[in-house]
Amino acid sequence: MGDKLRDWHVSYTAAKSPTKAAEEAQKWINRLKPDVVVTEKAAEAARKGKKTKAIIGAIARTAEHNYLLNVSVARVHDYANKYEEAAALAAQYPAIEPWLPKKRRFFDNEPRNTVLFEALSFADTIRRGGSIGLAAMMG
């Protein structure tokens, strides 16, 4: 509610396919009962692959099928890198600080926790009244 964090999970299952993403999104919607679902504007996501864009679309459609407001947000890069952004968000939302990703070495995979801060960045953009597009307004 408001600025309070309600849930922070990363789903490996949802990342497998658009169908799996829709199934997981439905589970989260049933459990958390949100009024709004925030997704990235897939068309403007230059660094996202075709599969990831399809997953984002599946989540947005699941929200719409549940008569939820789906707010699509353009990814804003206000920081030099995602680790600086994560640190700034953790300072603003201390409850998420335990999930701060450690900087990776160039040969390491990106820490999975970075996706949590990307999601928080979208929500924070909306909270601040930033650049959004209403993908669907139902109910």
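What you see is a predicted model, and the numbers here were worked out from it, not measured in a lab. (Residues numbered from 1 in each chain as written. Predicted model: local features only at pLDDT ≥ 70, side-chain atom pairs only at ≥ 80, totals over all residues. Heavy atoms only, no water.)

How should I be thinking about helix α2 (residues 50-65) in this particular structure?
Think of an α-helix as turning once every 3.6 residues; residues three or four places apart then point the same way. The terminal C-alpha atoms of α2, which comprises 16 residues, lie 22 Å apart, in line with the 22 Å expected from a rise of 1.5 Å per residue. Among all positions of α2, only Ile55, Ile56, Gly57, Ala58, Ala60, Thr62 and Ala63 are buried. Turning to α2, the residues buried within the fold contact α1 (18-32), β1 (36-40) and β2 (69-73). Positioned one or two residues after α2, Tyr67 has a phi angle of 60 degrees, which is positive. (Helix = DSSP H or I, 4+ residues; strand = E, 2+ residues; numbered from the N terminus. Expected span 1.5 Å × (residues − 1). Buried < 20%, exposed > 50% of the residue type's maximum accessible area, 1.4 Å probe, protein only. Contact = heavy atoms within 4.5 Å.)

I tried to follow the confidence of the model for the protein chain on my own but got confused; where do I start?
Reading predicted coordinates in detail is not appropriate for stretches of low pLDDT. Mean pLDDT for the protein chain: 82, with 86% of residues reaching 70 or above. In the model of the protein chain, strand β3 (residues 132-136) stands out as the element of lowest mean pLDDT, 41, in contrast to α1, which has the highest, 94. Low pLDDT (under 50) marks residues 132-139, which in the prediction has 22 contacts with non-local residues, meaning those over four places away or in another chain. (pLDDT = per-residue confidence, 0-100.)

What should I look at first to understand the side chain of Thr125 in this one?
Within the element layout of this structure, Thr125 appears in helix α4 (residues 114-127). Judged by its relative accessible area of 4%, Thr125 falls in the buried class. From its side chain, Thr125 meets the backbone oxygen of Ser121 in a polar contact 2.8 Å long. (Polar contact = N/O pair within 3.5 Å; in protein donor to acceptor, adjacent residues only side chain to side chain.)

Mind showing me how you'd approach the side chain of Glu24 here?
By the element assignment, Glu24 lies in helix α1. Every residue in contact with Glu24, bar those within four places of it in the chain, is listed here: Ser11, Thr13 and Ala14.

What's the story with the pairing of β2 in this structure? I'm lost.
In the case of a regular strand, side chains alternate between the two sheet surfaces. The buried count for β2 comes to four of five residues, which makes it a mostly enclosed element. As paired strands, β1 and β2 are joined by five bridges and run parallel to one another. If you follow Val38 over to β2, its bridge partner there is Val71. Viewed along the sheet, the connection from β1 through α2 into β2 turns out right-handed. (Pairing = 2+ DSSP bridges. Right-handed = clockwise from strand over helix to strand, strands pointing away.)

I tried to follow the nonpolar core on my own but got confused; where do I start?
The biggest cluster of nonpolar side chains holds eight residues, and these are Ala86, Leu89, Ala90, Tyr93, Ile96, Leu116, Phe117 and Leu120. For this core, the elements supplying multiple residues, two or more each, are α3 (82-92) and α4. (Core = buried A, V, L, I, M, F, W, Y, C linked by side-chain atoms within 4.5 Å.)

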